[in-house]
Amino acid sequence: MSTDVNVKLDTLPGLDSDALPLEVKDLHVEFRTRNGIARAVNGVSFSLRAGETRAILGESGCGKSVTAQAIMGILDSPPGFVTGGEIRYRGVDLLKLREEQRRKVRANRIAMIFQDALSALNPVFTVGFQLGELFRKHRGMSRADSKARAVELLDLVKIPAAKQRVNEYPHQFSGGMRQRVMIAMALALDPEVLIADEPTTALDVTVQAQIMALLAELQRERNMGLLLITHDMGVVADVADEISVMYAGRVIEEAPVRDIYESPSHPYTKGLLESIPRLDLKGQELSAIKGLPPLLTDIPKGCAFNPRCRYVQDACRQDPVPPLHQMSPTRSSACHFWKEVKADV
Amino acid sequence: MSDIVLEARDLVKHFPLTQGILFKRQIGAVRAVDGINLQLHRGETLGIVGESGCGKSTLARMLVGLETPTSGDLFVQGRNMAKVSGTERRRGRRNIQLVMQDPYTSLNPRMTVGDIIGEPFEVHPEVLEKPKRRARVQELLDLVGLNPDHINRYPHQFSGGQRQRIGIARALALNPEIILCDEPVSALDVSIQAQVMNLLEKLQDELGLSYIFIAHDLSVVRHIADRVAVMYLGRVVETGTEDQIYENPTHPYTQALLSAVPVPDPKLRGLRDQIVLTGDVPSPANPPSGCRFRTRCWKAQEICAQRAPELAARQGSAHPSACHFAEVRDVVHAQR
């Protein structure tokens, strides 16, 4: 059955099975609103290898979710428009595909789970019907076969009594169980890349631990690339291999997970790390980042972080925007003064 | 006057479950809060932690008088709030104010910031005569780090963090001694969260406030609280100083909760003692017999189903813990 799909996917122009499963180059997204143009993503680049976990870390409004939506091709358009760049799946530029070709990539090769599972699931269909829909639409299976596969999937994500629960509606599931259903749905067609947009933000910590453990296990089994979109520095420290930190629509620092926590090299990353209280340390001083993130309709000239930065100098207030300086083969920082920031403990 | 500003004795709140439209019969009750004792001392911060559905918000609503307890007593500065006269109850309530979770829905969008912060004076006009109120509102704005000239702006002109400051200013308007914060920072981004927490600590030092700080984020509570109470299904399962709870937790639920919090340090990955609980929290309409945590507990034995463990210091736990088999287990620090 899966060979059938691969045949169809082989017809994608420029497919190269040796290329990376996901590569984003210089992506630009803007929202054309009544209040002006909001530049949500301004030249984001990163790549994802098979089996790797990359975290996109940032606060609300930094463009991390918009990046994910652009990759999936589910951007609300209008008002959202991809205005430049490339999104490559195994060498194929997804932005150049026709919609029906793109739909084959979506769910089949790149799948996504969302933060709020209750609003992502359809309340008037049973969970089994919604899971089975994937097999009926993408694999042309019969109702009975697709139902059987739905039960297998619920088993896979460790939902107890899967045979009975497959006939229940989303509201009959608890928050953690609903998120498991979402994961089952995303993994149904065996994708190579999974995008998880704040998968545990709405959940309690004990449930969060269960879900993250499940995701890690499934990723290992399938050698899947995981793009984890989150604001939680604790979760990132636990699961990620590589991190891209975003601010005002740009990646401002990129590094392997250990390096970034040990020696942050952008003032924003440093500020974030110093402003989170830690469970295992007591009585620490929290040094907050002053001020607020900029409006995306009015991003400051030069480095977008300059009004809040404690290392700011004249050069930071002038265009051009600081580029990503390659600090080492694996690390880069978009700060003119990364050396000072890194050395400053 | 004693050092205890707020005390709850055996506080209970049951919400009735009814059936039928015309002739409603009670078929059961959601036991949201089921016998809670706590004391708040002058100038301290008491943290209350627990997961969704554990009853922490119902408890908060009872403490500020938004919900009448089914049974039990609440003492504000030594006065039993159920027994005092109406005027005195109003005065008692004036002393305990609430900061709410969501800075977007807890401020009326049609009112200016000045009206919002000044509204408590309409309810308690004896606190401050009318002509002085505007100046007091500006003073409050300055106190919470907002520009006093913005008194005529509307909530939508402020960011989330600034709105939470407006909520804090409103809570401070009547010079209360106790502030109850129900998840005050959980809707905010991390960089803003730190600003608001620093503000709360600064205000406590300057005004000598006592806080009850309700949150689900255990790292935040550790940072701000002097004492901590851990709740599960309507009951307190463990209580103690911040050090006792975080360094020497003795109740299995506290241990599981603490071990589930990710620590932002990749070097500790896999080195911490992680307890992954199975299953979900049981329904508070039909809680398990005996110890309410027994259905998810790895230590559960027969006695746990038969006898509910008391919240008391016992062998294996120097501070009060509601577990028959309480013993210290360090789950917060990396194991060598």
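These numbers come from a predicted model, not from an experiment.

**Some points on the overall build of chain B**
Here's step 1: Of the regular secondary structure elements, chain B holds 10 helices and 12 strands.
Here's step 2: For 336 residues, the compact-globule estimate of 2.2 N^0.38 gives 20 Å, and the C-alpha radius of gyration of chain B, at 21 Å, lies within 12% of that figure.
Here's step 3: Over its C-alpha atoms, taken along the principal directions, chain B stretches across nearly 65 × 60 × 45 Å.
Here's step 4: The proportion of buried residues among the 336 residues of chain B is 45%.
Here's step 5: Taking the intrachain contacts of chain B between residues at least 6 apart in sequence as the baseline, contacts between residues at least 24 apart amount to 64%.

**So, the overall build of chain A**
Here's step 1: Looking only at helices and strands, one finds 13 helices and 12 strands in chain A.
Here's step 2: Computed over the C-alpha atoms, the radius of gyration of chain A is 21 Å, within 12% of the 20 Å expected from 2.2 N^0.38 for a compact globule of 345 residues.
Here's step 3: Overall, the C-alpha framework of chain A stretches about 65 × 50 × 40 Å when taken along its three principal axes.
Here's step 4: With 345 residues in all, chain A has 47% of them scored as buried.
Here's step 5: Long-range pairs, those at least 24 residues apart, make up 65% of the contacts in chain A with a sequence separation of at least 6.

**Things to note about the confidence of the model for chain A**
Here's step 1: Per-residue confidence for chain A averages 88 on the pLDDT scale, and 96% of its residues sit at or above 70.
Here's step 2: This stretch, residues 1-7 of chain A, has a pLDDT under 50; its non-local contacts, to residues over four places away or in other chains, come to three contacts.

**A short note on the pairing of strand S12 (residues 317-321) of chain B**
Residue and element names in this part refer to chain B.
Here's step 1: Most of S12 sits inside the fold, with four of its five residues counted as buried.
Here's step 2: Across two bridges, the pairing between strand S11 (residues 312-314) and S12 is antiparallel. By the bridge assignment, Ala312 is partnered in S12 with Ser321.
Here's step 3: Between S11 and S12, which pair antiparallel and follow one another directly, the connecting turn spans two residues, one of which, Gly316, has a positive phi of 95°.

**Focus: helix H6 (residues 190-207) of chain B**
Here's step 1: Given a rise of 1.5 Å per residue, 18 residues ought to cover 26 Å, and the 26 Å separating the end C-alpha atoms of H6(B) matches this to within 8%.
Here's step 2: B:Val190, B:Ser191, B:Ile192, B:Gln193, B:Ala194, B:Gln195, B:Val196, B:Met197 and B:Leu200 are the residues of H6(B) that are buried.
Here's step 3: Residues of H6(B) that are buried make contact with helix H12 (267-274) of chain A together with helix H5 (160-172) and helix H7 (218-224) of chain B.
Here's step 4: Two residues or fewer past H6(B), B:Gly208 is found with a positive phi of approximately 65°.

**Side note on the interface of chain A and chain B**
Here's step 1: Contacts between chain A and chain B engage 33 residues on the former and 35 residues on the latter.
Here's step 2: Where the side of chain A that touches chain B is concerned, the elements lending two or more residues are helix H9 (205-222), helix H10 (233-239), helix H11 (257-262) and H12 of chain A.
Here's step 3: Among the elements that take part in the side of chain A that touches chain B, H9(A) stands out by supplying six residues, more than any other.
Here's step 4: Of the residues that constitute the side of chain A that touches chain B, the class distribution is 16 nonpolar, 10 polar and seven charged.

**Concerning the environment of B:Pro120**
Residues and elements named next belong to chain B.
Here's step 1: Of note, Pro120 is situated in helix H3 (residues 113-123).
Here's step 2: The spatial distance from the C-alpha of Pro120 to the C-alpha of Ala173 is 6.8 Å, given a sequence separation of 53 residues.
Here's step 3: Those residues in contact with Pro120 that sit more than four places away from it in its chain are Arg170, Ala173 and Leu174.

**Digging into the packing of H3(B) against helix H4 (residues 133-143) of chain B**
All names here are of chain B.
Here's step 1: Packing of H3 against H4 brings their axes to within 10 Å, and their N-to-C directions diverge by 115°. Seen along the crossing, H3 lies across H4 with a hand that is right-handed. Residues Gly114, Ile117, Gly118 and Phe121 of H3 form the contact with H4, whose participating residues are Arg133, Arg134, Val137 and Leu140.
Here's step 2: Tallied by class, the residues present in the contact of H3 with H4 amount to four nonpolar, two polar and two charged.

**Comments concerning the nonpolar core**
Here's step 1: In this structure, A:Ala184, A:Ile195, A:Val236, B:Phe213 and B:Val230 are the most contacted members of the largest nonpolar core, which totals 187 residues.
Here's step 2: If one sorts the elements of this core by residue count, helix H8 (residues 175-187) of chain A sits on top with eight residues.
Here's step 3: Structurally, this core is a two-domain feature, drawing no fewer than three residues from each of domain 1 (4-245) and domain 2 (246-336) of chain B.
Here's step 4: Setting aside residues no more than four positions away along its own chain, B:Phe213 makes contact with B:Thr45, B:Leu46, B:Gly47, B:Cys181, B:Val221, B:Ile224 and B:Ala225.

**Remarks on the sheet that holds strand S10 (residues 250-256) of chain A**
Residues and elements named next belong to chain A.
Here's step 1: One open sheet accounts for eight strands, arranged S6-S7-S8-S3-S9-S10-S12-S11; its pairing is mixed. With partners counted over all chains shown, the strands left at the sheet margins are strand S6 (110-113) and strand S11 (325-326), one partner each.
Here's step 2: Pairing of strand S9 (residues 242-247) with S10 involves six bridges; the strand directions are antiparallel. Of the residues in S10, the one forming a bridge with Val245 is Glu253.
Here's step 3: In the packing of helix H2 (residues 64-72) onto the sheet, contacts are made with strand S3 (53-57), S6, strand S7 (193-197), strand S8 (225-230) and S9, and the angle to S7 comes to roughly 145°.

**Description of the sheet that holds strand S1 (residues 4-19) of chain B**
Hydrogen bonding along the main chain pairs the strands of a sheet, whether they run parallel or antiparallel.
All names here are of chain B.
Here's step 1: A sheet is described by the order of its strands in space; here four strands give the open sequence S2-S1-S4-S5, paired in antiparallel fashion. Strands at the two margins of the open sheet, each flanked by one partner only, are strand S2 (25-41) and strand S5 (79-80).
Here's step 2: With 13 bridges joining them, S1 and S2 adopt antiparallel strand pairing. Bridged to Ala8 within S2 is Leu38.
Here's step 3: Against the sheet, helix H1 (residues 56-64) engages S1, S2 and strand S4 (71-76), with an angle of about 70° to S2.

**A short note on the environment of B:Phe213**
Here's step 1: The topology assignment puts B:Phe213 in strand S8 (residues 210-215).
Here's step 2: For B:Phe213 and B:Arg9, which are 204 residues apart along the polypeptide, the C-alpha to C-alpha distance reads 19 Å.

Cut-offs applied
Residues numbered from 1 in each chain as written. Chains lettered and ligands numbered in written order. Predicted model: local features only at pLDDT ≥ 70, side-chain atom pairs only at ≥ 80, totals over all residues. Helix = DSSP H or I, 4+ residues; strand = E, 2+ residues; numbered from the N terminus. Rg over C-alpha atoms; globule rule 2.2 N^0.38 Å. Buried ≥ 20, exposed ≤ 12 C-beta atoms within 10 Å, placed from the backbone. Contact = placed C-beta atoms within 7 Å. pLDDT = per-residue confidence, 0-100. Pairing = 2+ DSSP bridges. Expected span 1.5 Å × (residues − 1). Nonpolar A, V, L, I, M, F, W, Y, C, P; charged D, E, K, R; others polar. Axes fitted to C-alpha atoms, helices over the stretch in contact; angles between N-to-C directions. Left-handed = near helix turned anticlockwise from the far one by under 90°. Core = buried A, V, L, I, M, F, W, Y, C linked by C-beta atoms within 7 Å. Domains from an automatic or database assignment.

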